[in-house]
There are 2 protein chains.
Amino acid sequence: MDLTPAPVHDCPHVVIVGGGFGGLACAQALGSKRVRVTIIDRHNYHLFVPLLYQVATAALSPADIAEPIRKVLRRHDNVDVVMGEVSGIDVASRRVLVGSDGYIPYDRLVLATGSVYNYFGNQRWASVAPGLKTVADARRIRASVLRGLERAELTKDPDEQQPHMTSVIVGGGATGVEMAGAIAELTRCSLHRDFRNIDPTTARTILLEAGERILTPFPEELARYAHRRLEKMGVSVRVQSPVENISPGTVTVAGEVIPACTIVWAAGIRASPAASWLDVESDRLGRVPVDATLAVEGRPGVFAIGDTAAAADEDGRPLPGLAQVARQQGTYLGQALAAELESGTALPPFRFRSRGNAAVVGRSAALFDFGGHRLKGWIAWILWALVHVYLLVGFEKRLLVSIQWFWQWLTYQSGVRIISDEEVCETDAVEAAASNADDDGRGSR
Amino acid sequence: MDLTPAPVHDCPHVVIVGGGFGGLACAQALGSKRVRVTIIDRHNYHLFVPLLYQVATAALSPADIAEPIRKVLRRHDNVDVVMGEVSGIDVASRRVLVGSDGYIPYDRLVLATGSVYNYFGNQRWASVAPGLKTVADARRIRASVLRGLERAELTKDPDEQQPHMTSVIVGGGATGVEMAGAIAELTRCSLHRDFRNIDPTTARTILLEAGERILTPFPEELARYAHRRLEKMGVSVRVQSPVENISPGTVTVAGEVIPACTIVWAAGIRASPAASWLDVESDRLGRVPVDATLAVEGRPGVFAIGDTAAAADEDGRPLPGLAQVARQQGTYLGQALAAELESGTALPPFRFRSRGNAAVVGRSAALFDFGGHRLKGWIAWILWALVHVYLLVGFEKRLLVSIQWFWQWLTYQSGVRIISDEEVCETDAVEAAASNADDDGRGSR
């Protein structure tokens, strides 16, 4: 069944798969041009992933960083939004397959499907150690940390409390550093007066990094600063510590079995399955090779951007998997395709202009790398906050996030500390493990 | 296993089951008194249920109306919070049973367990037509309404679109009226420019009431006003329309089968199972009979408040199931128990003072009944908004809710239009039903 929303206009049809930074920027650049645009996403919202760690650590609500795609694009009459799951691409007949029996024909196809976490062959770890890509992931991590403390509060033996109060973050990139810092602040600052039986300031947060140091994309000076700050905040940072095994409630590293209620995977990503849809050979991370115009070779009319694409800069160096890369590629491609389809102009090559790379460690501590120039500490933190508020879509979100951040800065209180019904916490396994070594009858549960 | 959080103080122990309006008010009144208090709830937060319909209709985020119980009570050193599921009460040994093998001993027990929806013997309708009591209910209803529109947008045949765009609310009390008004506003005002293929202003919202008129607890004049306003907003209000059957995707009333994506149950409540825990005879609505001091007869030291209790005013008229009743009873009982346990003062009888009864119909339309005095229209609406912002716990929530309401009032935009992954939408059944009558191949799915 042709799912193209009616009425079908008589102009070229650009289909965009994915409503993340790249796809949305592309749709916006094509907005109100003489082309027909359909953007497909499995969710009805654009998620501002750089702040997702704040949802996972109870600082923000999902809606604060999720804007309906329809709302963002509604003033462009030529853009349709389809909420659906793409199941494949029929390159020969130029159709995107949606769901079990729907399709949408295209003249140009932009793949902006993003990435998923890479468990490097240990896919069974995924159910125990979620990554941080979706609202559901964030809610699950939030529930796991908070529920762990609730269980510890009800546990009398101090030795049994510790596993419920332990979080392990695997991967010392920007996401891992941000998660570790935010979990440490949540337990040690925000919750420290809430409990009677346990002392949340003794909660353990462990950041594991397989490599020589954390934050490898950043200069060593900034990484050392982040390392020191994390240790000061109570995070135990362990470098050269590749994970050997993950099972429900435990992480094994260097032969040591660490019992942990919350395990977060932040150790690398791979592209979503666009390459297999196109039947092209992908790189090691599953990304689709593209030329300087982001076109996929041998697949006429098909382009890939963001984490889906293995693109390189003018000097042949691979572009990093950052929101700003996806966004710039999306805007470029939208403008280039509009010019091509409206007046036959050939696509110019894409050029990436770095806006600097940032990571936040915690309260009043962030770092910026602008290539030559570097910034760290509270000035970087304020700059980080301003930039991220500015990058959010819509005035209301900016205002709400600003107020919540200001309030948290004043009071040290995270406002979204709710454990929803639906979340499944892997601590059941911790509990089961603990109760085996338990002599007061709980072992018989 | 005794779950009482350590250290165990040597003073009388009041255990409160339920962190709703009644239980929380009781704990607050007992705060910093010379008694030990433990409050048990299955959630870690107090939910401001009167605004839950705004979560269900994408106006607010769950966290805007959910405050962690620990946070509310943390300045009272004598109050412990236990997140757990009460499984029963051992009246003989004065213990509350928690989970499968935990217990908490009490000297005084306050049951404030609230109510659940009453399906009047048709419990199988519960899975199809959720009530509105929990955050999960609200998220599910929100996802159902929004996903229905997304599906309608992808459906070409107008006859097939309508079921996806139809919401039926069963029960014309305050909750039903508020839900119907808010769903109509969401579809007809907030979303009307978002779609291309469908016109959301043609979405149907049907309010079914079995009785002679809606809003029976209110004076007829106010109910007539609400009825007129709802019709003006596009809600089809049908009185004397008892529901005959509910199945996935359809509601049957007066022999007519109405296909509907979203079905909300708001047709009456019954008390949670406290009566069966106590093994006392409950009234028709499952409530525990209590005397003038809210004590349960024949169960020494046990009290019931809020929706759990069948209490009466001085004239013997039953008290309504309102937040203000629960709150006043909680405060009264906390103060009375503190006086009794500290200095042996006998409990005085409880007296309810009505603060007036309110319902909101929609934008600039609410109604207040203060007994003698009545108020309706935009003045009532502003008063309603002020009162509800004031009643929220905490300055931050008040500020965030005020801003969101003001923004929605200015822009007609609901800010929380996200469909989360987890929600299950009953429209799969609608779709299945529709595709049977469908000739383009979808029937073979």
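As the structure is a computational prediction, the values presented were derived from the model and not from experiment.

**Q** Any chance you could break down the overall build of chain A for me, citing the residues and the numbers?
**A** In terms of regular secondary structure, chain A is built from 12 helices and 24 strands. Since a compact globule built from 445 residues should have a radius of gyration of about 22 Å, the 23 Å found for chain A is in line with a globular shape. By its C-alpha atoms, chain A is 75 × 50 × 40 Å across when sized along the principal axes. In chain A, which comprises 445 residues, the proportion classed as buried is 58%. Long-range pairs, those at least 24 residues apart, make up 65% of the contacts in chain A between residues at least 6 apart in sequence. Summing over all exposed atoms, chain A offers an accessible surface of approximately 17300 Å²; the carbon and sulfur share of this is 53%. Where the 46 positive side-chain charges of chain A centre and where its 50 negative ones centre are 6 Å apart.

**Q** So what's going on with unusual backbone geometry? Which residues, and what values?
**A** Residue and element names in this part refer to chain B. Even without glycine at this site, Ser 32 takes up a positive phi of about 65°. Its location among the elements puts Ser 32 in the loop between helix H1 (21-30) and strand E2 (36-41). The exposed category is assigned to Ser 32, whose relative accessible area is 56%. Phi is positive for Leu 215, close to 50°, though the residue is something other than glycine. On the secondary structure map, Leu 215 appears in the loop between strand E12 (204-208) and helix H7 (220-232). Given the relative accessible area of 1%, Leu 215 is considered buried.

**Q** Give a description of the UniProt feature "domain: FAD/NAD(P)-binding" (unreviewed entry) in chain A that names residues and reports values.
**A** When the UniProt feature table is mapped to this numbering, "domain: FAD/NAD(P)-binding" (unreviewed entry) covers residues 13-330 of chain A. Within residues 13-330 of chain A, the helical portion is 28% and the strand portion 26%, while the C-alpha atoms at the span's ends are 16 Å from each other.

**Q** Tell me what's going on with the confidence of the model for chain A, and back it up with residues and numbers.
**A** When the pLDDT values of chain A are averaged, the result is 90; 93% of them are 70 or greater. The ipTM value of the predicted complex is 0.88, and its pTM value is 0.90.

**Q** Now, about the environment of Thr262(A): what can you tell me, with residues and values included?
**A** All names here are of chain A. The topology assignment puts Thr 262 in strand E17 (residues 262-265). Thr 262 sits in the buried class, given a relative accessible area of 3%. Note: C-alpha distance between Thr 262 and Arg 94 (168 residues apart in sequence) is 44 Å. Thr 262 has contacts with Ile 141, Ser 144, Val 145, Thr 166, Ser 167 and Val 168, leaving out every residue within four places of it along the chain. Within the structure, the side chain of Thr 262 is placed 3.4 Å from the backbone nitrogen of Val 145, a separation counted as a polar contact.

**Q** Outline the interface of chain B and chain A, listing residues and values.
**A** Taken together, the contact between chain B and chain A spans 64 residues of the former and 64 residues of the latter. In total, about 6100 Å² of surface goes out of reach between chain B and chain A, with carbon and sulfur atoms giving 52% of it. Counting the contacts that link chain B with chain A gives 4 salt bridges. Of the charged contacts in the structure, one is a salt bridge between Glu150(B) and Arg70(A), with a shortest N-O distance of 2.6 Å. Among the elements of the structure, strand E4 (66-68), helix H3 (69-73), strand E5 (79-83), helix H4 (135-153) and helix H11 (395-411) of chain B are those that each provide at least two residues to the side of chain B that touches chain A. For the side of chain B that touches chain A, the residue count by class is 26 nonpolar, 14 polar and 24 charged.

**Q** Report on the packing of aromatic side chains, specifying residues and quantitative values.
**A** One pass over the full model with this rule turns up 16 aromatic pairs over all chains. With centroids separated by 5.1 Å and ring planes inclined at 10°, the aromatic side chains of Phe368(B) and Phe370(B) adopt a geometry described as stacked. For Phe370(B), a relative accessible area of 35% puts it in the partly exposed group. Chaining the aromatic ring pairs together yields one cluster made of Tyr119(A), Trp125(A) and Trp265(A). Lys133(B) extends its terminal NZ or CZ atom over the ring of Tyr117(B), reaching a point 5.6 Å from the ring centre.

**Q** Outline the pairing of strand E9 (residues 108-111) of chain B, listing residues and values.
**A** Residue and element names in this part refer to chain B. Where burial is concerned, the two faces of E9 agree: the one with Arg 108 and Val 110 and the one with Leu 109 and Leu 111 are both buried. Bridge count for strand E1 (residues 13-17) against E9 is 4 bridges, and the pairing is parallel. In the strand pairing of E9, Val 15 is matched with Leu 109. Sheet topology places E9 next to strand E20 (residues 302-304); 3 bridges connect them, and they run parallel.

**Q** Go over the side chain of Asp307(B) with me, naming the residues and quoting the values.
**A** All names here are of chain B. When you line up the elements, Asp 307 lands in the loop between E20 and strand E21 (309-310). With no salt bridge to any partner, buried Asp 307 finds its closest opposite charge in Lys 133, at an N-O distance of 4.3 Å. Of note is the side chain of Asp 307, whose polar atom sits 2.7 Å from the side chain of Ser 115. The contact partners of Asp 307, leaving out residues within four places of it in the chain, are Gly 114, Ser 115, Lys 133, Ile 269, Ala 271, Arg 287, Gly 321 and Leu 322.

**Q** I'd like to hear about the UniProt feature "transmembrane region" (unreviewed entry) in chain A, residue by residue, with values.
**A** Following the UniProt record, the feature "transmembrane region" (unreviewed entry) maps to residues 378-395 of chain A here. In residues 378-395 of chain A, the share of helix is 83% and the share of strand is 0%. The end C-alpha atoms are 25 Å apart.

**Q** Describe the sheet that holds strand E5 (residues 79-83) of chain A, and please don't skip the residues or the numbers.
**A** Residue and element names in this part refer to chain A. Spatial ordering of the open sheet is given by E5-E2-E1-E9-E20, a layout of 5 strands whose pairing is parallel. What marks the edges here is a single partner per strand, and that holds for E5 and strand E20 (302-304). For this sheet the average axis-to-axis angle between neighbouring strands, irrespective of direction, equals 20°. The sheet strands contacting helix H1 (residues 21-30) are strand E1 (13-17), strand E2 (36-41), E5 and strand E9 (108-111), and the helix crosses E1 at an angle near 160°. Where helix H9 (residues 323-343) meets the sheet, it contacts E1, E9 and E20, and its direction lies at approximately 175° from that of E9.

**Q** Let's hear about the pattern of salt bridges: which residues, and what values?
**A** In the structure shown here, the tally under the stated rule is 32 salt bridges over all chains. Two residues, Glu220(B) and Arg224(B), come together in a salt bridge whose shortest N-O distance is 3.8 Å. Taken together, the residues Glu220(B) and Arg224(B), both in helix H7 and 4 residues apart, mark about one turn of the helix. For Glu220(B), a relative accessible area of 47% corresponds to the partly exposed category. With a relative accessible area of 47%, Arg224(B) lands in the partly exposed category. When salt bridges that share partners are traced, they join Glu67(A), Lys71(A) and Lys397(A) into one network.

**Q** Hey, could you go over the side chain of Thr187(A) for me, with residue numbers and the actual values?
**A** Residues and elements named next belong to chain A. Looking at where Thr 187 falls in the secondary structure, it is placed in helix H6 (residues 174-190). At 3.0 Å, the side chain of Thr 187 and the backbone oxygen of Ile 183 are in polar contact. In this structure Thr 187 touches Val 145, Leu 149, His 192, Pro 200, Thr 201 and Ala 203, once residues within four positions along its chain are discounted.

**Q** Explain the relation of the copies chain B and chain A residue by residue, including any values.
**A** For these two chains of identical sequence, chain B goes onto chain A by a turn of 180° and a shift of 0.0 Å along the axis, with RMSD 0.0 Å. The transformation relating the two chain copies, once decomposed into turn and shift, fits a two-fold axis. Interface residue correspondence from chain B to chain A reaches 100%, placing this contact among same-surface, isologous pairings.

**Q** Break down the sheet that holds strand E15 (residues 250-253) of chain A for me, citing the residues and quoting the values.
**A** Residues and elements named next belong to chain A. Taking strand neighbours across the sheet as the criterion, the 3 strands line up as E14-E15-E16 in an open arrangement whose pairing is antiparallel. Since the sheet does not close on itself, it has two edges, and those belong to strand E14 (243-247) and strand E16 (256-259), each with one partner. On average, each strand axis in the sheet is inclined to that of its neighbour by 20°, with strand direction left out of account. Pairing between E14 and E15: 4 bridges, direction antiparallel. Its bridge partner being in E15, Ile 246 is matched across the sheet by Val 251.

**Q** Outline the pairing of strand E7 (residues 95-98) of chain A, listing residues and values.
**A** Residue and element names in this part refer to chain A. In E7, alternate side chains face the same way, and those of Val 96 and Val 98 are buried while those of Arg 95 and Leu 97 on the opposite face are not. Taken together, the 4 bridges between strand E6 (residues 86-90) and E7 define a ladder with antiparallel strand orientation. Paired with Gly 88 across the bridge in E7 is Leu 97. Where E6 folds back on E7, the antiparallel hairpin that results is connected by 4 residues, among which Arg 94 adopts a positive phi of roughly 55°. Pairing analysis gives 4 bridges linking E7 to strand E8 (residues 102-105), with the strands arranged antiparallel. Among the inter-strand pairings, Arg 95 is bridged to a residue of E8, identified as Pro 105. Count of turn residues in the E7/E8 antiparallel hairpin: 3 residues, of which Gly 99 carries a positive phi of about 65°.

Conventions used here
Residues numbered from 1 in each chain as written. Chains lettered and ligands numbered in written order. Predicted model: local features only at pLDDT ≥ 70, side-chain atom pairs only at ≥ 80, totals over all residues. Heavy atoms only, no water. Helix = DSSP H or I, 4+ residues; strand = E, 2+ residues; numbered from the N terminus. Rg over C-alpha atoms; globule rule 2.2 N^0.38 Å. Buried < 20%, exposed > 50% of the residue type's maximum accessible area, 1.4 Å probe, protein only. Contact = heavy atoms within 4.5 Å. Areas by Shrake-Rupley, 256 points an atom, 1.4 Å probe, with all protein chains shown as cover. Lys, Arg positive; Asp, Glu negative; His and termini not counted. Charge placed at Lys NZ, Arg CZ, Asp CG, Glu CD. UniProt positions renumbered as here; feature names shortened; annotations may be inferred. pLDDT = per-residue confidence, 0-100. Polar contact = N/O pair within 3.5 Å; in protein donor to acceptor, adjacent residues only side chain to side chain. Buried area = accessible area lost by both parts, 1.4 Å probe. Salt bridge = Lys/Arg side-chain N within 4 Å of Asp/Glu carboxyl O. Nonpolar A, V, L, I, M, F, W, Y, C, P; charged D, E, K, R; others polar. Phe/Tyr/Trp six-rings, centres within 6.5 Å; stacked < 30°, edge-to-face > 60°. Lys NZ or Arg CZ within 6 Å of the ring centre and 35° of its normal. Pairing = 2+ DSSP bridges. Axes fitted to C-alpha atoms, helices over the stretch in contact; angles between N-to-C directions. Least-squares fit on C-alpha atoms with pLDDT ≥ 70 in both.

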